[in-house]
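Okay, here's what each chain looks like letter by letter:
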Amino acid sequence: MTLLDQDSNSIAFVDVSKTFPTARGAVTALERLSFSIRRGEYACILGQSGCGKSTTANLILGLERPTSGFITVAGADPAREFARLRGRLGSVFQSDRLLPWRTAIANVRLPLEILKIPESSLTRRAAQWLKRLGLEGFEDSYPQQLSGGMRQRVALARALVPEPEILVLDEAFAHLDEVTSERLRIDFHRLSKETGKTVVHITHSIEEALMLGDRIFVLGKPGKLLAVIDDVVGKDRAELRSDILSHLQGAARHARKERSSIDRPGGRAAIGEEWAT
Amino acid sequence: MSVGGPIATVTGRGSSTAIDSAVPARAGATINIEGIGVLLGLAVIWQIASHYFPPFLFPPLRTIAATLVSTLRDPASLSTIGFTFVRIVISLGMTFILGSALGIAAALHSRTARALEPLIQLKQGVPGVCWIIFSILWFKGMETRIGFIVAIGTLPSFYYQAHDAVRGISLDLWQMVRAWRPTRWQMLVKLILPALRPALLTAWRINLGGGTRMVIMAELLAGVSGIGYQLRAAEEQFRMDAAIAWTVILVAFVLISDAILKWVERRLPIGALATQLTT
């Protein structure tokens, strides 16, 4: 099976690099990243802050374009074939990103309006999803009238209402209190499995990745794939945890070493020579 | 897609506490006793002055009130008022559409912004009265002159309000809506225009007074109809009572229009003002 095998793969990154120009020079967010996510798989992308996780999510969603390499999502280039993936991708971000001038139900309706779903079923479908997520009776509340957990449920309902094939969650439960976050995680995981969706779940929590993921992709700085943990379900969690930690700590040690070699007299020149070759 | 039953529950209606606390309190209307006192004091001084000065300087309040009533009862005067108000509304409306459209375009396309910037700055540097003279020299028709003067005077405000409001939309919201892959038109009607509402209402409130002044000035200097023209006629006939009656009508128009805009603003969804989140 190759990375671009569209029958089995839902998402493929091939040699993807992404750099951002800044005032202090280009910053590398991802470096030659290659991986694929299978259809119906719950994949967790795990890494520390600043390792390019959110950039990966934005690239999948087509919100950014790679500097080099290419990406396919459901057989299409997510940034260039913009309309082709309309309605096939859903997303939930760390903050709920609800439109403050819309009520809960109007926020959930948004993707359906964009998909030009007939008006007759718009509100019914949105209301059904709010009910499924335990928000019956709050349809006409504005986001600032809801608690953080409730707002995130509205965001989940909005992501699920168009019934997308692929869901991208970028630290979606990260800033909720532990009880709410745990409950939402369990509910969402069950829901995604019941509906056979491909899920890309970006997280910095090892526990969350171990709890939810079928596979875990461990990213290190700057946006390098350190390890892929296959078949997470059924394996010893403590062992996996220590395995992931050793990968992350190894990457951190390597990054420190690189920094110190840059800081040494002649270090920058040495690196410059290396690039020149 | 089918899923079994409600997959989660919330903590019941107890969250209504959060709801109540999140709703911004709206200040109730209060009577400005001090302001009313000052106005009454001015009226008393005016009335006293009317006993010592000729009527073309300080006509008695009773005369002013009688002129105001007769003006409001006279069909010809009402059509004069109508002319001026329609001019103000149409000129401002057209400038609003043009200025907002240019502001949105400039916020979305840096090349458009760069192209428009010198023009806006040039306009800002030229005094308003110069534009009135230019309009008299350039245009023959009264309505064209007025439209031009109002457009020149108020366009930058609509432009900058729209431009800054679009630039102020949170990046999070841009990305969220874009992730659903809307068309450009959908992006405009689902995100940009709703996010602009508070800023554009503010621009209307700012420009209403300014636009009214410009229309009156244009009618005064170059008009053959409208309230400005009537003010000039009152000045030529030394009719201070008529000048004040027309001025009162103008002030009432501005205050009523502002009250309507405030009412519209209050009717906006409570979250509309929270659009400009941090990026």
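Conventions and cut-offs
Residues numbered from 1 in each chain as written. Chains lettered and ligands numbered in written order. Predicted model: local features only at pLDDT ≥ 70, side-chain atom pairs only at ≥ 80, totals over all residues. Heavy atoms only, no water. Helix = DSSP H or I, 4+ residues; strand = E, 2+ residues; numbered from the N terminus. Buried < 20%, exposed > 50% of the residue type's maximum accessible area, 1.4 Å probe, protein only. Contact = heavy atoms within 4.5 Å. Areas by Shrake-Rupley, 256 points an atom, 1.4 Å probe, with all protein chains shown as cover. Salt bridge = Lys/Arg side-chain N within 4 Å of Asp/Glu carboxyl O. Axes fitted to C-alpha atoms, helices over the stretch in contact; angles between N-to-C directions. Parallel < 35°, antiparallel > 145°, perpendicular 65-115°, else oblique. Left-handed = near helix turned anticlockwise from the far one by under 90°. Nonpolar A, V, L, I, M, F, W, Y, C, P; charged D, E, K, R; others polar.

Right, let's get into the overall build of chain A. When helices and strands are tallied, chain A shows 8 helices and 9 strands. A burial count over chain A gives 54% of its 277 residues as buried. The long-range share in chain A, meaning contacts at least 24 apart out of those at least 6 apart in sequence, stands at 66%. Accessible surface, chain A: about 12200 Å² in total, of which carbon and sulfur atoms supply 49%.

Applying the stated criterion across every chain yields a total of 25 salt bridges over all chains. A salt bridge links Glu41(A) to Arg215(A); the shortest N-O distance between them is 2.5 Å. Within this pair, whereas Glu41(A) is found in the loop between strand S2 (25-38) and strand S3 (42-47), its partner Arg215(A) is found in strand S8 (residues 215-220), the two being separated by 174 residues in sequence. A residue is classified by how much of its surface remains accessible, and Glu41(A), at 5% relative accessible area, is buried. The closest approach of N and O atoms between Arg109(A) and Glu119(A), which form a salt bridge, is 3.1 Å. In this pair, Arg109(A) sits in helix H2 (residues 104-114) while Glu119(A) sits in helix H3 (residues 119-132), placing the two residues 10 residues apart along the sequence. Classification of Glu119(A) by relative accessible area gives exposed; the value is 52%. Because the salt bridges share partners, they merge into one network encompassing Arg102(A), Arg109(A), Glu113(A), Glu119(A) and Lys190(B).

Turning our eyes to something else, we now look at the packing of helix H5 (residues 110-125) of chain B against helix H7 (residues 142-167) of chain B. Residues and elements named next belong to chain B. For the pair H5 and H7, interaxial distance at closest approach is 10 Å and the crossing angle is 140°. Here H5 is positioned oblique relative to H7, judged by the angle of their axes. Pair H5 / H7 crosses with left-handed handedness. For the pair H5 and H7, the contacting residues are Ala 113, Leu 116, Glu 117, Ile 120, Lys 123 and Gln 124 in the first and Ile 152, Gly 153, Leu 155, Pro 156, Tyr 159 and Tyr 160 in the second. For the contact of H5 with H7, the per-class residue count stands at 8 nonpolar, 2 polar and 2 charged.

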